[in-house]
Amino acid sequence: MFAGGNVQVTAVRKKDGTLDYLEVPKKEIKWIQMLKKIPLIRGIVGIVESSAKGAQHLNFSAEAMVEDEDDKQEESKKQEKGGMFSNLSMVLGVAVIGVISFLFGKFVFTLVPVFIEQLLFQNVFSNQIGHNLLEGLIKTILLVGYIYFISLTPMMKRLFQYHGAEHKVISAYEAGVDLTVKNVQKFSTLHYRCGSSFMVFTVIVGVVVYSFLPYDSLLERVLQRLIMLPLVIGISYELLRFTNSLRTVPVLRYLGYPGLWLQMLTTKQPFDDQVEVSIASFNRMREAEQRIKEERLYEKTLHN
C-alpha cells in the first residue's frame, strides 16, 4: 500500500496472476486538517487515521487472497442489492475495527508491563526511576517477542515481505533510479519513515515522561499511564519526524537507528514477484495522483 497526497493505493495479485487495485481518495475534512497542523495533536490524529485506513486496505488484501471469480460475482450481486449504504457501512465498520484494534494494542502494551513490573520487582528499587526503566525494558521485550513470534507464521511473514518491498520501492524512487525489479531489489528493506520506528519511540518517550510523575499506588500508576498515553504518542510522532529530518546528518542520523533495528523484524526480504506488485502499486498511486490533480485543476477552471 502506498499513500500520496490525495489518494492511497493497494495492489494485490489474484490467483490468475492479474493485479487488482484499491484506490481510496483522501477526503479533506477541514477540522481534521487543522488538527494535523498542531504539534503533538497531529501525531494522535495521524496514527488513528492511519489505523482506520490501514485496516480497510488490509481487509481488501485479505479478501482478494481468498476470492475467486464465482465469489466475486456473488459479492457483486450483494452490493447491487445492498446499495451505497451497505458499502459505506462496511467501510466504516472496517475503519472502526482498525481504530479499536490500535487502541487495544496500545493499552495492552502500556498496562501489562506495569502489572508485571509491579508484581515481580516492586521491592527491587527504592526509587521510581528504576522501576520506570525496568517497565520500559519489559515493554521492549514484550514488543520484540510478540513481533518475532508472529513473524514466524506464514501469513505474517508474507505481509512483512511486502512491507520490505514497499520500503525498497520508496528508497529506489528517492534515489532516482528506474523502478524495475532488478534495481529495486538492490535497496534495503529498512527506511527511516516507517511506522515501526514509532513503536520504539513510544517506549523511549514513555520512560522519560513517566519518570516525572510520582505515584503512591498501582492504581495511580495505571491511571497515569492511561492519561499520559496521548502525550506519549504525540511526542513520539514529533520525535519520529525530527529523526527523519536528521537522517542525512552524519552523527545525528544514529538517533533513528532504534527504529531501524525493529524493522529488522517487521520487514523481510521480498521475492521478485512481490517487488513487482509493490512497483505496480506505487506507479498506480502516482497515476492516480496526477489524475486527481488534473481533475481538480479542471474543476477550478470551470468555477473561475
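Scroll up a little and you will see the structure.
This structure is a prediction, so every number in the text was calculated from the model and none was measured.

A.B. asks: It is not clear to me how the pairing of strand E2 (residues 7-13) should be interpreted in this structure. Could you clarify?
C.D. replies: In regular strands, side chains alternate between the two faces of the sheet. Burial within E2 is extensive, with six of its seven residues counted as buried. Pairing analysis gives two bridges linking strand E1 (residues 2-3) to E2, with the strands arranged antiparallel. The residue of E2 that forms the bridge with Phe2 is Val9. Bridge count between E2 and strand E3 (residues 19-25): seven bridges; the pairing is antiparallel. Within the sheet, the bridge partner assigned to Thr10 lies in E3 and is Leu22. Between E2 and E3, which pair antiparallel and follow one another directly, the connecting turn spans five residues, one of which, Gly17, has a positive phi of 95°.

A.B. asks: Mind showing me how you'd approach helix H9 (residues 257-266) here?
C.D. replies: Since one α-helical turn is 3.6 residues long, residues separated by three or four positions face the same way. Here H9 has its buried residues at Gly259, Leu260, Leu262, Gln263, Leu265 and Thr266. Buried residues in H9 make contact with helix H4 (128-150), helix H5 (154-175) and helix H7 (195-210).

A.B. asks: Teacher, can you tell me more about the sheet that holds E2 here?
C.D. replies: The strands that make up a sheet pair up through hydrogen bonds in the backbone, lying either parallel or antiparallel. Across the sheet, three strands lie side by side as E1-E2-E3; this open sheet has antiparallel pairing. Lying at the two open borders of the sheet, with one neighbouring strand each, are E1 and E3. Against the sheet, helix H10 (residues 272-303) contacts E1, E2 and E3, and its axis sits at roughly 150° relative to E2.

A.B. asks: What is the right way to look at the packing of H7 against H9 in this model?
C.D. replies: The relative placement of two packed helices is expressed as an angle between their axes plus a distance between the axes. Interhelical geometry of H7 versus H9 gives an angle of 120° and a closest axis separation of 8 Å. Judged on the interaxial angle alone, H9 and H7 are oblique. In this structure, H7 crosses over H9, and the sense of that crossing is right-handed. Here Ser196, Ser197, Met199 and Val200 of H7 come into contact with H9, specifically with Pro258, Gly259, Leu260, Leu262, Gln263 and Thr266. By residue class, the composition of the contact of H7 with H9 is five nonpolar, five polar and no charged.

Conventions used here
Residues numbered from 1 in each chain as written. Predicted model: local features only at pLDDT ≥ 70, side-chain atom pairs only at ≥ 80, totals over all residues. Heavy atoms only, no water. Buried < 20%, exposed > 50% of the residue type's maximum accessible area, 1.4 Å probe, protein only. Helix = DSSP H or I, 4+ residues; strand = E, 2+ residues; numbered from the N terminus. Pairing = 2+ DSSP bridges. Contact = heavy atoms within 4.5 Å. Axes fitted to C-alpha atoms, helices over the stretch in contact; angles between N-to-C directions. Parallel < 35°, antiparallel > 145°, perpendicular 65-115°, else oblique. Left-handed = near helix turned anticlockwise from the far one by under 90°. Nonpolar A, V, L, I, M, F, W, Y, C, P; charged D, E, K, R; others polar.

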